[in-house]
Amino acid sequence: MSTLASITDRIIATLQGASRDQAEQTHLVAGIADTDLTLQAFEPKLLSQGLIEIGDELLWVSAVDNGSGSVTIAPYGRGVQTSAPSAHDAGAMIVNNPRFPRALIRASVNDAISGVYPDLYARKTYEFPAVATRVSYEIPAEAEQVHRVSWQDIGPSKRWIPVSRWRFDPAASTDDFPTGKSLDLYQAPLPGRTVRVVYQRPPAPFTDSSTEFATATGLNASAEDCIVYGALFRLVGMLEAPRLQLAAIESQLRGQLVQPGATQSAVRHYMQLYQLALTAERERLLRSDPVSAHYRYI
C-alpha cells in the first residue's frame, strides 16, 4: 500500500528518468537530534557547502572536515526551505545538493490533494439517535455536502431505511448549532433509532510519511495516479526557472542546449495525464457510490 514516502520515491524516479544522473549520496555514522548542528558523515568528501537532505529535512552546511568526517551545520541551517527539523537515525541517507527535495515534493503532493476537490472527495459517516418531534440536528463542521441519510430499522434485519426528505444547511445558526452545519429531517425516523449521515468533505493532506494513502487522505486508493500526475505537472513547471539564473556556467550551457519552453511541453503532458486520471476517478467514484436522490425543502 502506498504512503507519502513511496509516492515521493515514485515521483523522484519519474523526474529523474530511467537512466538517472544521481546526486552524490552518503549516510550518517551516528544519529542526530533535531537541534544538533554537527553530524558525522561516512564519506564527507561527497558533501559540500550548501544544501544537503536527510529524510524530508533540508539542512545548510557551512563547513565539511574531510579528515574527521565532521559536518558543521549553520546556526540557521536546520529545516530550511519550508522543511521541518527532525531527528535522524544512524545510517540515514544524506543527499548532497538534492535536485528534487523531498520537502518540495511533499508540498506538491498535498497541493495536488487539495486541488482535486470538489471533483474528488472523501466520505465520512456520522450517526445520532432520532428524537421525537425534533426535525433539525447538528452535523460535523467538516461536512461540505450530505451524500445520503438513512436510519436503522427495528429488529434483527440490520436494514437501513433511506430518508428521502431532508435538507442540509451549511450556514446554520451557530447559536443553535455550534458547528454551523445542520440537517433537517422531514421524513421522521422512529424515535430512539440511529440515524446515519454519509457526508462529503475535502480530502485531507498527508501529515506524515508512513500513513497509507487512502487512510491519510480519505480518497480511494485508485486516486493515487491522479495525485501523482497533479504533483508532477506542478513540479515540472518549476524546472524552467533555473534558466533565468545565468550566473553559473552550468546554467549558461543548459540555456544553450535546452530550448526555451521545453519544460512547458512536459507540463502539458503531465497535465493531460492528470485530467484523464481525474475524469476516470470521478466517474469511478460516482458509479461506485452515487449521491442519493432526495426531496429538498427550502
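Refer to the structure presented above.
Criteria and cut-off values
- The numbers attached to residues start from 1 for each chain and follow its sequence in the written order.
- Given that this is a predicted model, residues contribute local features only at a pLDDT of at least 70 and side-chain atom pairs are listed and counted only at 80 or more, while totals for whole chains, interfaces and linings are drawn from all residues.
- With hydrogens and water set aside, each side-chain value is computed from the structure's full complement of heavy atoms.
- Only buried residues count toward a nonpolar core, which is a set of Ala, Val, Leu, Ile, Met, Phe, Trp, Tyr and Cys residues joined through side-chain atoms within 4.5 Å.
- Under the scheme applied here, a residue whose accessible area is under 20% of the maximum for its type counts as buried, over 50% as exposed, and between as partly exposed, the area being computed with a 1.4 Å probe on protein chains only.
- Numbered from the N terminus, helices here are DSSP runs of H or I no shorter than four residues, and strands are runs of E no shorter than two.
- We call two residues contacting when some pair of their heavy atoms lies within 4.5 Å.
- At least two bridges found by DSSP between two strands are what make those strands a pair.
- Whenever a helix is involved, its axis is fitted only over the stretch in contact; in every case the axis is a line through C-alpha atoms, and angles between N-to-C directions fall within 0 to 180 degrees.
- Every case where a carboxyl oxygen of Asp or Glu lies within 4 Å of a side-chain nitrogen of Lys or Arg is listed as a salt bridge.

Chemist: Describe the nonpolar core, with residues and values.
Modeler: Formed by 32 residues in total, the largest nonpolar core has its most connected members in I11, V109, V116, L120, F206 and I227. Of all the elements in the fold, those that place two or more residues in this core are helix 1 (4-16), helix 2 (102-115), helix 3 (213-217), helix 4 (224-236) and helix 6 (262-288). Counting residues per element, this core draws most heavily on helix 4, which supplies eight residues. For V116, the residues in contact, after removing those within four places along its chain, are P203, L219, C226, I227, Y274 and L278.

Chemist: Lay out the pairing of strand 5 (residues 70-78) in plain terms, naming residues and giving numbers.
Modeler: The pairing of strand 2 (residues 38-40) with strand 5 spans three bridges and is classified as antiparallel. Bridge pairing in strand 5 places T38 opposite T72. What sits between strand 4 (residues 57-64) and strand 5 in their antiparallel hairpin is a turn of five residues, with G69 showing a positive phi close to 80°.

Chemist: Describe in detail the environment of A172, supporting the description with residues and values.
Modeler: Here A172 lies in the loop between strand 11 (166-169) and strand 12 (182-185). A172 sits 10 residues away from S182 along the chain, and the two C-alpha atoms are 6.0 Å apart. Ignoring sequence-local partners within four residues, the contact set of A172 consists of F177, G180, K181 and S182.

Chemist: How would you summarise the pairing of strand 9 (residues 145-152) if you had to cite specific residues and measurements?
Modeler: Pairing between strand 9 and strand 13 (residues 194-201): six bridges, direction antiparallel. The residue bridging R148 from the neighbouring strand is V198, located in strand 13. Bridge count for strand 9 against strand 10 (residues 160-162) is three bridges, and the pairing is antiparallel. Bridge pairing links S150 to P162 in strand 10.

Chemist: Explain the sheet that holds strand 13 to me, using residue names and the numbers behind them.
Modeler: Sheet architecture is open: four strands sit in the order 7-13-9-10, paired in antiparallel fashion. Looking at strand neighbours, the two that pair on one side only are strand 7 (122-129) and strand 10, the edges of this open sheet. Across the sheet, the axes of successive neighbouring strands diverge by a mean angle of 30°, strand direction being ignored. Here strand 7 pairs with strand 13 via eight bridges, running antiparallel.

Chemist: Break down the pattern of salt bridges for me, with residues and values.
Modeler: Per the counting criterion, the structure on display carries 14 salt bridges. Here E142 ties to R201 by a salt bridge, and the two come within 3.8 Å at their closest N and O atoms. One end of the pair, E142, is in the loop between strand 8 (136-138) and strand 9; the other, R201, is in strand 13, and 59 residues separate them in sequence. Residue classification places E142 among the partly exposed residues on the basis of a relative accessible area of 30%. With relative accessibility at 13%, the residue R201 sits in the buried group.

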